[in-house]
Amino acid sequence: MTIRVVIADDQELVRSGFAMILDAQPDIEVVSEAGDGASAVAAVRRTSPDVALLDIRMPGTDGIEACRQMCSSSGVRAIMLTTFDADEYVYEALHAGASGFLLKDVRRDDLVHAVRVVAAGESLVAPSVARRLIADYTRRGRRTAPVSGRLDVLTARERETLLHLAHGLSNAEIAAAMVVSEHTVKTHVGNVLSKLALRDRVQAVICAYETGLVSI
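Note that this is a predicted model, so its numbers are computed, not measured.

Participant: Can you walk me through the side chain of Arg-77 in this structure?
Facilitator: Inspection of the secondary structure assignment puts Arg-77 in strand β4 (residues 77-82). When its relative accessible area of 16% is taken as the criterion, Arg-77 is described as buried. Within the structure, Arg-77 has its side chain in polar contact with the backbone oxygen of Val-118 (distance 2.9 Å). When neighbours within four sequence positions are excluded, Arg-77 is seen to be in contact with Asp-50, Val-51, Ala-52, Ser-99, Val-118, Gly-121, Glu-122, Ser-123, Arg-199 and Asp-200.

The structure is reproduced here in structure tokens:
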């Protein structure tokens, strides 16, 4: 099945570079490019892609608002393009529905891998950028108050699984740490997401920070 992608960035060279890399893959097709958030939202409505690559900072409607509009009205999964040293709005982007983040100087292979992973329903937590940005943002005092008792619905093993998710471990790494099979880990992850009403692993990381399970 071909993965359909929309790319939105106000820098034409960035857009065209990403488009060339992705279009060269046999299983990926770039169906539209946009230079701002409003055009990106319109492109998603028009083309119904699987994945949207969105620059956080764009003129007019920025990437966060575009992400919020897309994720609330379609099945598209958003990957935010960011520069680690500059962007202070990653936490908002997570809440807007973003499934992951890429640095703008991402390597070719990592870009392709990210699109495939997100299209498959996973999220980009393991690449250190997501966790580092969340930690940096919450360290500035923007963290929400812990939700008392929210994690009480989890078993001890499910809580341990959530902790590993927050540290950016893959299923294989969690399995090794907990000395269980990957199938068991997938079950634990599914239970965590279901019991806490979370969309994906990225939201699980948010939850771990918000409830105080992970301290900085």
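So much for the structure itself; the text now carries on.
Participant: Teacher, can you tell me more about the sheet that holds strand β1 (residues 3-8) here?
Facilitator: Working definition: the strands of a sheet are paired by backbone hydrogen bonds and lie parallel or antiparallel to each other. Pairing is parallel across the open sheet formed by five strands, whose spatial order is β2-β1-β3-β4-β5. Each end of this open sheet is capped by a strand with a single partner; those strands are β2 (28-34) and β5 (100-103). Strand after strand, the sheet turns through a mean of 25 degrees between neighbouring axes, direction not considered. Across four bridges, β1 lies against strand β3 (residues 51-55) in parallel orientation. Looking at β3, one finds that Ala-8 is bridged to Leu-54. Contacts from helix α1 (residues 12-23) reach β1, β2, β3 and β4, with the element oriented near 165 degrees to β2. Strand contacts of helix α2 (residues 37-47): β1, β2 and β3, with the helix running at about 140 degrees to β2, the strand carrying the most contacts.

Participant: What's the story with the packing of helix α7 (residues 156-166) against helix α9 (residues 182-195) in this structure? I'm lost.
Facilitator: Two quantities define a packed helix pair, namely the angle between the axes and the distance from one axis to the other. It is at 9 Å that the axes of α7 and α9 come closest, and there the two elements cross at 90 degrees. Put simply, α7 runs roughly perpendicular to α9. Every residue of α9 that contacts α7 at Arg-157, Glu-158, Thr-161, Leu-162 and Leu-165 is listed here: His-188, Val-189, Asn-191, Val-192 and Lys-195. Across the contact of α7 with α9, the residue classes break down as four nonpolar, three polar and three charged.

Cut-offs applied
Residues numbered from 1 in each chain as written. Predicted model: local features only at pLDDT ≥ 70, side-chain atom pairs only at ≥ 80, totals over all residues. Heavy atoms only, no water. Helix = DSSP H or I, 4+ residues; strand = E, 2+ residues; numbered from the N terminus. Buried < 20%, exposed > 50% of the residue type's maximum accessible area, 1.4 Å probe, protein only. Polar contact = N/O pair within 3.5 Å; in protein donor to acceptor, adjacent residues only side chain to side chain. Contact = heavy atoms within 4.5 Å. Pairing = 2+ DSSP bridges. Axes fitted to C-alpha atoms, helices over the stretch in contact; angles between N-to-C directions. Parallel < 35°, antiparallel > 145°, perpendicular 65-115°, else oblique. Nonpolar A, V, L, I, M, F, W, Y, C, P; charged D, E, K, R; others polar.

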